[in-house]
Amino acid sequence: MIFLWGSNAREAHPIFFHHVLKGIDNGARMYCVDPRYTSSAQFSDVWVGIDVGTDIALANGIGREIIHAGLANQDFIAHSTQGFEAYAASVEPFTSEAVAAICGIPAEVVVEMAHAYATADKAQILWTLGITEHHNAVDNVLSLCNLALLTGHVGRWGSGLVPLRGQNNVQGGGDMGAIPNKFPGFAGVDDPDHRARFETAYGRELNPVPGLHLTLMFEAMERGDLRALYVIGENPADSEADVLHARAQLESLDILVVQDILMTRTAEMADVVLPASVAWAESDGTVTSSERRVQRVRPAVSPPGQARHDIDILCDMAEAMGDELGPRDPEAAWDELRSLSAMHGGMAWERLEAAGGLQWPCPDEDHPGSAFLHGWLWADDLEGREPAPFSALEHEGPTEELSEEFPLRLTTGRALDSYNTGVQSGKYDSPLRFAGLDLNAHDAADLGIADGDQVRVCSPRGSVEMNARVVSSLPRGLAFTTLHHPELIDVNVLTNPDWDPKSGTAEFKAAAVRVERIATHQTAATAGASVG
Amino acid sequence: MSSVITETAVTIQVDGQEVAVPEGATILDACDAAGVETPTICYGPTLTPVNVCRVCVVELDGSRALVPSCSRPAEEGMVVHTDSERVRHSRKMVLEFLATGVDVSQADELGQWAEHYGADPDRYVPGGETMDEPVRVQDNLYIRDYDKCVLCYRCVEACGDDAQHTYAISVAGRGFGARISTEFDVTLPDSACVYCGNCVAVCPTNALQFKTEFDLRQADDWRPEDQTVTQTVCSYCGVGCNLELHVQDNQIVKCTSPDDHDVTKGNLCIKGRFGWNYV
Amino acid sequence: MADLHFGEDQPTEAERAAIDAIVSQAEAATVVETERVVRGGRSRRRGLRHQLLPVLHSLQHEIGWISPGGLNGAAERLGVPPAEAYGVATFYELLRTTDPGHRDDVVHVCVDPACAMAGNDDLQASLEADGARVHASPCLGQCERAPALFIQGVGRPDQVPADDDEKFRLPQAGDPGLRVLRRVGVVDPTSLDSYRDHGGYEALAAAIEMGPDAVITAISDSGLSGRGGAAFPTGIKWRAVADEPGPDKHVVANCDESEPGTFKDRIVCEHDPFAVIESMTIAGLATGAPHGWIYIRGEYPRATARLEDAIAQARAAGLLGDDVAGSGQRFDIEVRRGAGAYICGEETALFNSIEGFRGEPRNKPPFPTTHGLFSQPTAINNPETLINVLDIVIDGPDAYRSVGTERSPGTRLFCLSGRVGVPGLYEVPFGTTLGELLDVAGEPTGDLSAVLLGGAAGVFVGPDALDMPLTLEDTREAGATLGSGVVMVFDDTVDMEAIVVRIAEFFRDESCGQCVPCRVGTQRQHEVLVELQSSRQPLAPQRAELIDDMALAMVDASICGLGHTAASAVRSALALGLIGNSQ
Ligand SMILES: Cc1cc2nc3c(=O)[nH]c(=O)nc-3n(C[C@H](O)[C@H](O)[C@H](O)COP(=O)(O)O)c2cc1C
Ligand code: SF4
Ligand code: SF4
Ligand code: SF4
Ligand code: FES
Ligand code: FES
């Protein structure tokens, strides 16, 4: 049994979805929880269209039903978890009727899902940004983890919790310490023992204070505490929620340096642009996928013009500041990492050359890598770890409530042929490309909008014009657009910047908007945004 | 994610040589293990065998007709001949037949086998029926030149059950009039096609061709001998698909994916397959 | 389960109604339960796929063709990708995927040998002169009343005018020596009571009494072999299915009958439908298969109606359903119509056709007894084979063996057509010689030049074969076959070259196109024969060699029996000198 929750993997992770399909072909049932009837939902046995931002209520309701129906895995709970009593008490108010009212779905479906999940032989929960692009992202994730702990559907072949990473190397970035509070291998910067290890290896003192994540950086810019910004391969001038505000902050900096392969909007705003080579096609190195698989990237073409490898640019920068970062050699850098991060210890460069790469943890050179992570939950001694904690969680809807002025919920997402802000994917000629607003037929009719009309979408933060498309994949009251075409449609002008203090992610998935028609289809066809 | 292989071995005889293969292996696998090369057209390592081309047939003791080695499971004690008169004859005829109706000029492997078996497509009645299809250029990503199509079903399988589950194309019509087609032959952009290019990747005859290759060939500038192939990882989502970048004159000219990679099995999505031209 | 994508084309009201008549919106592949709950998924879609051909039939019948909107409507209702639905629709001769531009009935005129000898071209010309929409058709299974017609109705029932014509009689009706045809022309085929009055359903009662094992043993001991063409021992087939575990098993009656020259199954199904149903029921109980299917060719409207009616009566009488005749076992039958494809008589193609896929044969092994319909164990038999079971169960194997030969026990149905005294269906004991059989059918009409034995997939034999006993062993020895019981007679006035070219064309048209040897081989074989016909020269040695080379590859490397036999009639005609000499 598969729960696809807040993920349109068919479009956002197509090859991963091939593997899901194999499971479905072999008889797995799939429940798809998503406000939209996505192309992934088309493959599901049951699609459940909850209101945006009501995931915790649903998860709690499912948890309550599992407990009340006597379907919780008592042995697993006793052996491998802690905090069950508090969790059970916390979900008590979430009767299926209460959940039905919050989520906008029939109560019986809540019960059905609970039973399907709890009684399945093997079950997985897969999620993506539908869970994490919310102001309470981490709580959303924890609410799903609770279900796995309740049933023991975790840490075994065929059962588990599967977050899908949106980018080819976000996992790798985190593993390598490109997050504010960790060294490579997830060693906390505020842990003196770890710090000592890294200080020895790097031959210098290291700052013990965790850094700022992107959202906090923008707050620091606003306060005037942060005056210089060095951006490598990001496009916050398009990708931040409430992007007009974000651009104003970037404008206000004393100096903005951008290192990128293409002239993004952020690069256009920069004082200095450092042209970089394309990591995956022009240079040597590694990336790490969602399943913690470390694989080699290799240069296929040589970089154009003055573009240089990131490693060279960074080392030169360090030199210019009078420091040495070590050899400019990807393999040497990798070996340094292996010496510091135990989970990468066994991943010799030659082993990575072999097709398929290796999945961490891989502590020594004889270790085959690890297909899944949480097998320890099933060990008699839990491998000496603490039992996994349940989390008691409250439901909070989206921070921006619908109002008379802004009566529609706008949610954002990804389409198959495009990627993030479209800097890379916008360059090829996709016959599938569509840039505009998807609307439910009833809402469109109420607003006097026909397919192809040009509309203005307004949120409390600004307004954007785009073409409308009437679709059957949305329930009433919900509108949808992708974020791939900022040059045509500046969607993040609209999105809600309220962010999750635990992860730093903004609530891209839920803004309140108003939609008005500005031109009919014929006029729009000549005047409006169209991509081709 | 390597699947568990039951290591019960089956021993069969290929051209007098005993070979042991795991249970579930095919006669073709046994031929490979015995070092006997076998021509194949419709077989693909990532696809469920459809055994339609019949070029891989072998003689199996006890079987009246020849059997397709690509799909027939090896069974203990089988005695197989791959180079008997009958086998050579049927293989030759299949290759000859194909060359009489289809433009096989870009199907290199097929051409080599045709030579090996002495196929002579010129001995047929002049002016016989051929595929006779126009090249379909309907977008900028890939083209369909069904004059080159041998109806091996590989594209249909890749678009359908074996990988993509999009089912944008199917075999339509019957007999010699059978063609690969969308519904009512609507153009690809009007069909269900999501441009994963997985069909292109499995086509053995170049009937399906990336537009980049097609354009270079039109300009007489397609030079495989000058191309390098580099394996790397796709820059888009976090699945970690491996890419093989084919580069000519420091330009990427097409993108494929290794068949033997656990994650992709030769497949990609539109972004990985075509989304490289910003490089 | 797929990325379902439908173009702009929507079904019209009439098309929607045609779809609703087979599968309602409530049963659709995807059901919008509420605005927030949609049910769909793989198992729903798989469960509906076998309705594809019935839905396409319904559209064709109501509208006269499968339009893009109609196809989309059907595809959406069933959750079938439109490209696949199109692939299925274009497989069948009776389904049109181009707009005919009218809503008139279509008159199918047979162009195969029996009808060619009977002046089908004159018939066609006169129909066209009357403004009919004429369509050339392969054998329509009415060779005894050639030239044959079938009217495909648009918005009204299909018709076979000859069905109502008194002059077509059953030549042996009432003959006491008959077994399989005992009731044909005697019993009222629309009445269960009449069937019972003629001994009907005694065999089922006996079979229930005996139990499955004893029934199968009796069939094996009787030496009954299949009458559909391949002559496989029926007892072995049934035993294999009975030995498979689990309840998901099937019994299929193969009434596709499209072998040129064959019309026996039509007559049996029209005139003794309850016998088909009773014997299938025995097969179901004996093999432990609760699901029965009758696959009948689309050009047999009366046989279809009579079988459906008989099923309804049997069901009402408790002879089909959850508890068959008090046995405590379940067995019921669904009827499926073919849509104009000879290949769908091949057993595995037939399964694919029922399942809603293109009627392409599957490679064997695995065999139907383990991987048949829906990949489940299946006993598939010709109706003639099945009806033999009734006597075996009642009288026992020894009585059954009292006629026929040791290796070909019992009787056989023969479809006599062409230049014979009284064309029609005849039952004679195995071992009757060809000459004796022709005598049974009355004075020949001319100087016999050749007999096509076993149909287009069979071989021509010359006058010297009149002494050949018609048994499996004797025909095999002579390099011939009884096939489906075709005995088509030619005299020296017939243009044999035209006949053989047409046979080659038949195989070219009917090849499913899946495998290279047959798809291309049948095409090239036809081209060589057309060249020969137009050259009016003797066959050149290199052409003879090419024909042999192609034949060998088709026999050796094709997937199914169509390719295996596509050259046999042609080569026998050459060997006998019927064609290939300059004229
Ligand atoms: C091209 C082709 C067409 C066939 N058509 C028929 C048919 O119309 N009716 C039939 O009973 N068997 C037909 N057969 C034979 C079936 O595949 C199968 O052997 C038969 O139905 C088994 O039943 P039996 O054992 O009672 O003969 C055909 C075989 C081939 C290769
Ligand atoms: S590109 Fe992909 S979706 Fe399109 S036809 Fe080929 S396999 Fe199917
Ligand atoms: S297009 Fe290519 S892959 Fe598809 S059937 Fe033809 S030859 Fe095979
Ligand atoms: S032999 Fe002919 S009819 Fe049979 S599978 Fe092959 S192509 Fe189809
Ligand atoms: S490769 Fe085996 S039949 Fe085509
Ligand atoms: S009906 Fe015309 S040949 Fe059979």
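Residues numbered from 1 in each chain as written. Chains lettered and ligands numbered in written order. Predicted model: local features only at pLDDT ≥ 70, side-chain atom pairs only at ≥ 80, totals over all residues. Heavy atoms only, no water.

## Topic: the interface of chain A and chain B
Quick note on the threshold: What makes two residues a contact is simply this: any of their non-hydrogen atoms within 4.5 Å. The buried area of a pairing is the accessible area, by a 1.4 Å probe, that goes missing from both parts when the two are put together, added over both. By definition here, a salt bridge exists when the distance from a side-chain nitrogen of Lys or Arg to a carboxyl oxygen of Asp or Glu is within 4 Å. Any pair of nitrogen or oxygen atoms within 3.5 Å is treated as a polar contact; in protein, a donor-acceptor pairing is required on top of that, and neighbouring residues in sequence qualify only through side-chain atoms on both sides. Only DSSP runs of H or I reaching four residues or more are called helices, and only runs of E reaching two or more are called strands; each is numbered from the N terminus. Residues are grouped as follows: nonpolar covers Ala, Val, Leu, Ile, Met, Phe, Trp, Tyr, Cys and Pro; charged covers Asp, Glu, Lys and Arg; every other residue, Gly included, is treated as polar.
Contact residues are listed per partner, giving 52 residues for chain A and 51 residues for chain B. Of all residues in chain A, Ile15, Trp280 and Tyr428 of chain A bury the most surface against chain B, accounting for 18% of the area lost on that side. Between chain A and chain B we count 0 salt bridges in total. The tally of links from chain A across to chain B stands at 15 residue pairs in polar contact (both at pLDDT 80 or more). For the side of chain A that touches chain B, the elements supplying multiple residues, two or more each, are helix 1 (9-12), helix 2 (14-25), helix 16 (279-282) and strand 13 (293-297) of chain A. Along the lines of polarity and charge, the residues of the side of chain A that touches chain B split into 24 nonpolar, 15 polar and 13 charged.

## Quick look at the sheet that holds strand 2 (residues 17-22) of chain B
Residue and element names in this part refer to chain B. Here is the rule we go by: Pairing between strands is defined by DSSP: at least two bridges between them are needed. An axis is simply a line fitted to the C-alpha atoms; with a helix, the fit covers only the stretch in contact. Between two such axes, the angle follows the N-to-C directions and lies from 0 to 180 degrees.
Read from one edge to the other, the open sheet built from 5 strands follows the order 2-1-5-3-4, with strand pairing classed as mixed. The open sheet is flanked by strand 2 and strand 4 (67-68), the only strands paired with a single partner. On the sheet, helix 2 (residues 85-101) packs against strand 3 (57-60) and strand 5 (79-81) and is oriented at approximately 160° with respect to strand 3.

## Details of the packing of helix 3 (residues 55-68) of chain A against helix 6 (residues 96-103) of chain A
Axis angle and axis distance: for two packed helices, these are the angle between their axes and the distance between the axes, and together they describe the pair. All names here are of chain A. Put simply, the rule reads: With respect to orientation, any angle under 35 degrees is reported as roughly parallel, any angle over 145 as roughly antiparallel, any angle of 65 to 115 as roughly perpendicular, and every other angle as oblique. By convention, the crossing between two helices is left-handed when the near helix turns anticlockwise from the far helix through less than a right angle, and right-handed when the turn is clockwise.
Running from N to C, helix 3 and helix 6 cross one another at 165°; their axes reach a closest spacing of 9 Å. Our classification of the angle between helix 3 and helix 6 gives roughly antiparallel. Crossing geometry of helix 3 relative to helix 6 is assigned as left-handed. When helix 3 is examined against helix 6, the residues Ala57, Leu58 and Gly61 are found in contact with a partner set consisting of Val99, Ile102 and Cys103. Split into classes, the residues belonging to the contact of helix 3 with helix 6 amount to 5 nonpolar, 1 polar and no charged.

## Observations concerning the environment of Leu129 of chain A
Residues and elements named next belong to chain A. As a reminder of what qualifies: Throughout this description, buried means an accessible area under 20% of the type-specific maximum (1.4 Å probe, protein chains only), exposed means over 50%, and partly exposed covers the range between.
Structurally, Leu129 can be placed in helix 8 (residues 129-132). The class of Leu129 is buried, set by a relative accessible area of 18%. Taking C-alpha positions, Leu129 is 20 Å from Val423, a pair spaced 294 residues apart along the chain.

## Section: the domain arrangement of chain C
Residues and elements named next belong to chain C. The test is simple: For the purposes of this description, domain bounds are those given by an automatic or database domain assignment.
The domains assigned to chain C are domain 1 (13-89), domain 2 (106-152), domain 3 (192-400), domain 4 (411-491) and domain 5 (496-575). Between domain 1 and domain 3, the C-alpha centre-to-centre distance is 29 Å. The interface of domain 1 with domain 3 comprises 10 residues on the first partner and 13 residues on the second. One can count 0 salt bridges joining domain 1 with domain 3. Across the contact surface, domain 1 and domain 3 share 5 residue pairs in polar contact (both at pLDDT 80 or more). Only helix 3 (52-63) and helix 5 (82-89) provide two or more residues apiece to the side of domain 1 that touches domain 3. A per-element tally of the side of domain 1 that touches domain 3 places helix 3 first, with 4 residues.

## Things to note about the pairing of strand 2 of chain B
Residue and element names in this part refer to chain B. Bridge analysis of strand 1 (residues 9-14) against strand 2 gives 6 bridges, and the strand direction is antiparallel. By the bridge assignment for strand 2, Thr11 is matched with Ala20. Linkage of strand 1 to strand 2, two consecutive antiparallel strands, is achieved through a turn of 2 residues, within which Asp15 is found at a positive phi near 50°.

## Focus on helix 10 (residues 212-222) of chain C
Each α-helix winds once per 3.6 residues, and so residues spaced three or four apart point in a common direction. All names here are of chain C. Operational definition: The directions from the helix axis to the C-beta atoms are what the arc is built from.
Among all positions of helix 10, only Val215, Ile216, Ala218, Ile219 and Ser222 are buried. Buried residues along helix 10 cover an arc of 155° about the axis, so they all sit on one side. Buried residues along helix 10 sit in contact with helix 9 (202-210), helix 11 (234-243), helix 13 (273-287) and helix 16 (383-400). Count one or two residues on from helix 10 and you reach Gly223, which has phi positive near 75°.

## Things to note about the sheet that holds strand 3 (residues 46-48) of chain A
Taking strand neighbours across the sheet as the criterion, the 7 strands line up as 6(A)-5(A)-1(A)-2(A)-3(A)-2(C)-1(C) in an open arrangement whose pairing is mixed. A single partner strand is all that each edge strand has here, and the edge strands are strand 6 (160-163) of chain A together with strand 1 (31-34) of chain C. The average angle at which neighbouring strand axes cross in this sheet is 15°, direction not considered. Across 3 bridges, strand 2 (residues 30-33) of chain A lies against strand 3 of chain A in parallel orientation. Paired with Tyr31 of chain A across the strands is Val46 of chain A, a residue of strand 3 of chain A. Where helix 9 (residues 137-151) of chain A meets the sheet, it contacts strand 1 (2-5), strand 5 (124-127) and strand 6 of chain A, and its direction lies at approximately 170° from that of strand 5 of chain A.

## What to know about the state of the cysteines
Heads up, the rule is: When two cysteine sulfur atoms lie within 2.5 Å, the pair is treated as a disulfide.
Inspection of every chain in the model, using the stated rule, returns 0 disulfides over all chains. Free of any disulfide, Cys145 of chain A has its nearest cysteine sulfur in Cys103 of chain A, 18 Å distant.

## As for the packing of aromatic side chains
Convention followed: Here a Phe, Tyr or Trp ring, Trp counted by its six-membered ring, pairs with any other such ring whose centre lies within 6.5 Å, and the pair is stacked when the planes are under 30 degrees apart, edge-to-face when over 60, and tilted otherwise. A ring is considered to have a charge above it if a Lys NZ or an Arg CZ atom is located within 6 Å of its centre and within 35 degrees of its normal.
According to the stated counting rule, one finds 24 aromatic pairs over all chains in the structure shown. Summarising the aromatic geometry, the rings of Phe3 of chain A and Trp5 of chain A are spaced 5.3 Å apart at their centres and angled 50° between planes, so their arrangement reads as tilted. Classification of Trp5 of chain A as buried rests on a relative accessible area of 0%. Pairing Tyr195 of chain C with Phe274 of chain C gives two aromatic rings, centres 5.5 Å apart and planes at 25°, and the pair type is stacked. Of this pair, Tyr195 of chain C sits in helix 8 (residues 192-197) while Phe274 of chain C sits in helix 13; the two residues are 79 residues apart in sequence, bridging distant segments of the chain. Given the relative accessible area of 1%, Tyr195 of chain C is considered buried. You can call Phe274 of chain C buried: its relative accessible area is 1%. Among the aromatic residues, those joined into a ring-pair cluster are Phe3, Trp5, Tyr31 and Tyr117 of chain A. In this structure, Arg36 of chain A is placed above the aromatic ring of Phe480 of chain A, and the distance from its NZ or CZ to the ring centre is 3.4 Å. Seen from the ring of Trp360 of chain A, Arg292 of chain A lies directly overhead, with NZ or CZ sitting 5.5 Å from the centre.

## Here's the deal with the site of ligand 3
What counts is decided by this rule: Definition of nearness: a residue and a molecule or strand are near each other if at least one heavy atom of the residue lies within 4 Å of the molecule or strand.
Neighbouring ligand 3 are 13 residues, the closest being Cys149, Val150, Cys152, Cys155 and Cys203 of chain B. Within the shell around ligand 3, the residues separate by chemical class into 12 nonpolar, 1 polar and no charged.

## Overview of the pattern of salt bridges
Residue and element names in this part refer to chain C. By the definition in use, this model includes 80 salt bridges over all chains. The salt bridge involving Arg502 is made with Asp112; its shortest N-O contact spans 2.6 Å. Linking Arg502 in helix 19 (residues 496-510) with Asp112 in the loop between strand 3 (106-110) and helix 6 (113-117), this pair joins segments that are 390 residues apart in sequence. The burial state of Arg502 is the same as that of Asp112; both residues are buried. For the salt bridge of Glu347 with Lys364, the shortest nitrogen-to-oxygen distance reads 2.8 Å. Here the residue Glu347 occupies a position in helix 15 (residues 347-355), and Lys364 occupies one in the loop between helix 15 and strand 9 (378-381), the gap between them amounting to 17 residues.

## Re the environment of Arg123 of chain B
Relative to the helices and strands, Arg123 of chain B resides in the loop between helix 3 (108-117) and strand 6 (135-137). On the accessibility criterion, Arg123 of chain B (18% relative accessible area) is buried. Residues Arg123 of chain B and Glu96 of chain B, spaced 27 residues apart in sequence, show a C-alpha to C-alpha distance of 9.4 Å. Apart from residues no more than four positions distant in its own chain, Arg123 of chain B is found in contact with Lys92, Met93 and Glu96 of chain B together with Arg543, Glu545, Leu546 and Asp549 of chain C. Of the polar contacts made by the side chain of Arg123 of chain B, one reaches the side chain of Asp549 of chain C; its length is 2.9 Å.

## Regarding the interface of chain C and chain B
In this assembly, 56 residues from chain C lie in contact with 51 residues from chain B. Interface of chain C and chain B: buried area, both sides summed, is about 4,200 Å²; carbon and sulfur atoms make up 58% of it. By the criterion of area lost to chain B, the three top residues of chain C are Arg519, Arg524 and Asp556 of chain C, representing 15% of everything that side buries. Inspection of the region where chain C meets chain B yields 3 salt bridges. The salt bridge partner of Arg86 of chain B is Asp556 of chain C, with a shortest N-O separation of 2.6 Å. Linking chain C to chain B there are 23 residue pairs in polar contact (both at pLDDT 80 or more). Those elements that provide at least two residues to the side of chain C that touches chain B are helix 4 (68-78), helix 5, helix 19, helix 20 (516-535) and helix 21 (541-557) of chain C. Considered class by class, the residues forming the side of chain C that touches chain B number 26 nonpolar, 14 polar and 16 charged.

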